[in-house]
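Residue-level structure breakdown
This is what each chain is made of:
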Amino acid sequence: MKRIGVLSSGGDAPGMNAAIRAVVRKGIYHDLEVWGIKRGYAGLIDGELYRLELRSVADVIQRGGTILHTARSQEFMTNEGRQRALSILKEYGIDGVVVIGGDGSFRGGIELMKLGIKVVGVPGTIDNDLFGTDYTIGFDTAVNTVVDAINKVRDTAVSHERIFVIEVMGRHSGEIALNAGLAGGAESILIPELPYNPSEVCLRLRESYLKGKKHSIIIVAEGVASASQVVEDIRTISGFDTRITVLGHLQRGGTPSAFDRNLASRLSAAAVEALVNGNSGYMVGIQGSQISLVSLEEAVNHKKQINTEFLELAQVLSR
Ligand code: ADP
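Given the structure is predicted, the values throughout are model-derived calculations rather than measurements.

A few points about the packing of helix H5 (residues 139-160) against helix H6 (residues 175-183)
Interhelical geometry of H5 versus H6 gives an angle of 50 degrees and a closest axis separation of 9 Å. With respect to H6, the element H5 is oriented oblique. In the packing of H5 onto H6, the handedness of the crossing is right-handed. Packed against H5, whose contacting residues are Phe139, Ala142, Val143, Val146, Val147 and Ile150, the element H6 presents Glu175, Ile176, Asn179, Ala180 and Ala183 at the interface.

In structure tokens:
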């Protein structure tokens, strides 16, 4: 292998730049030429490639977002689009690609592999929803952003003795809600993996109120219901007046935490090593403190189990 490409795709996540930097510098360390592919699969189809040198990734480790930009590509979902992508890679002499992204990006990577390109995936998504890795790049930063928001909302909740519902990202995964909720001392955490029971939420609110706790923070993952729906349910059932905070895209930005930078650096260096050793079709993941290779098929087709112990603990500790 002489030339490899690197792209970021799907939703952006803090730490993607640290990942790109590690791919470039580890690749050059192994005497590879590294080419950046802009805007994910969309840019690949459009031939937006440029050579990345050691200095091209200077001053990026601390920056959120992705210097390669990211996009979603409908065209890559078609056979013609993928053939076009293949011909671009052939034109540039690139036979291995590091894909930084989430499960959708890895599904794209699997398709690329079927066309004879070597592909290794680096898990970059704030959702932490990929099977085969304890953590994905960006998750730790997003959780810290949410915890910071909970702290601030709690100040005003305590002052005014109010109930707040904070909506966080997670259409299919409660990882952000659960981890930020436990760290932020939330009184209720609602996640898409479990049935939503508004009466139970109200019961907990009433119990807390009777015990003298006049403020409460409820964290709801967007996949459960909107914060306004939860507020409406609480008002209907219990009559409590409740306020809303929707964190939205704040959760995707910001300087990556040290944890995310180190995770990105380690996983991406391992991805390059995997390509150098002739491996393809794997995601690099972290399990415990060990870096491991998990097949891309497994990573996208298995569901990561949520740790409901967190939820039980959060309920015990927030009383
Ligand atoms: P994420 O990687 O964050 O889960 P998406 O689900 O939006 O992001 O996927 C990113 C891109 O990956 C899509 O826009 C598409 O170009 C490509 N992709 C996703 N699924 C497939 C698939 N089954 N076949 C080919 N390409 C895919």
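Digging into empty space enclosed by the protein
Applying the stated rule across the entire model yields one cavity of 30 Å³ or more. Within this model, the largest cavity holds a volume of roughly 30 Å³. As for the largest cavity, its lining consists of Asn128, Asp129, Ser173, Glu175, Glu193, Lys303, Lys304 and Ile306. When grouped by side-chain class, the residues that make up the lining of the largest cavity number one nonpolar, two polar and five charged.

Observations concerning the side chain of histidine 215
Along the chain, histidine 215 turns up in the loop between helix H7 (198-210) and strand E8 (216-221). Sequence-distant contacts of histidine 215, that is, excluding residues within four places in its chain, are made with Arg154, Ala157, Val158, Glu161 and Arg162.

Looking at the sheet that holds strand E7 (residues 188-190)
Judged by pairing direction, the sheet is parallel, and its four strands sit side by side in the order E7-E8-E6-E9 without closing on themselves. If you trace the sheet from one side to the other, it starts and ends with E7 and strand E9 (242-246), each paired once. Strand-to-strand, the axes of this sheet are offset by a mean angle of 20 degrees, without reference to chain direction. In this sheet, E8 lies alongside E7 in parallel orientation, the contact comprising three bridges. The residue of E8 that forms the bridge with serine 188 is isoleucine 218.

A look at the layout of surface pockets
In this structure, the largest pocket occupies an estimated 1000 Å³ of space. Forming the boundary of the largest pocket are 38 residues, of which Arg72, Gly102, Asp103, Gly104 and Ser105 lie nearest the centre. Within the residue set of the lining of the largest pocket, elements represented by two or more residues are helix H4 (103-114) and helix H10 (296-301). For the lining of the largest pocket, the leading source of residues is H4, giving six residues. Grouping the constituent residues of the lining of the largest pocket by class yields nine nonpolar, 16 polar and 13 charged. The calculated volume of the second largest pocket comes to roughly 230 Å³. If you trace the second largest pocket, you find 14 residues lining it, with Ile189, Leu190, Pro195, Glu200 and Gln315 closest to the centre.

The rules behind the values
- Residues numbered from 1 in each chain as written.
- Predicted model: local features only at pLDDT ≥ 70, side-chain atom pairs only at ≥ 80, totals over all residues.
- Heavy atoms only, no water.
- Axes fitted to C-alpha atoms, helices over the stretch in contact; angles between N-to-C directions.
- Helix = DSSP H or I, 4+ residues; strand = E, 2+ residues; numbered from the N terminus.
- Parallel < 35°, antiparallel > 145°, perpendicular 65-115°, else oblique.
- Left-handed = near helix turned anticlockwise from the far one by under 90°.
- Contact = heavy atoms within 4.5 Å.
- 1 Å grid on protein atoms, 1.4 Å probe; cavity = no way out; pocket = protein on both sides within 12 Å on 5 of 7 lines; lining within 4 Å.
- Points joined across faces, edges and corners; volume = space filled by probe spheres on them.
- Nonpolar A, V, L, I, M, F, W, Y, C, P; charged D, E, K, R; others polar.
- Pairing = 2+ DSSP bridges.

Shape is all these values report; function is a separate question.
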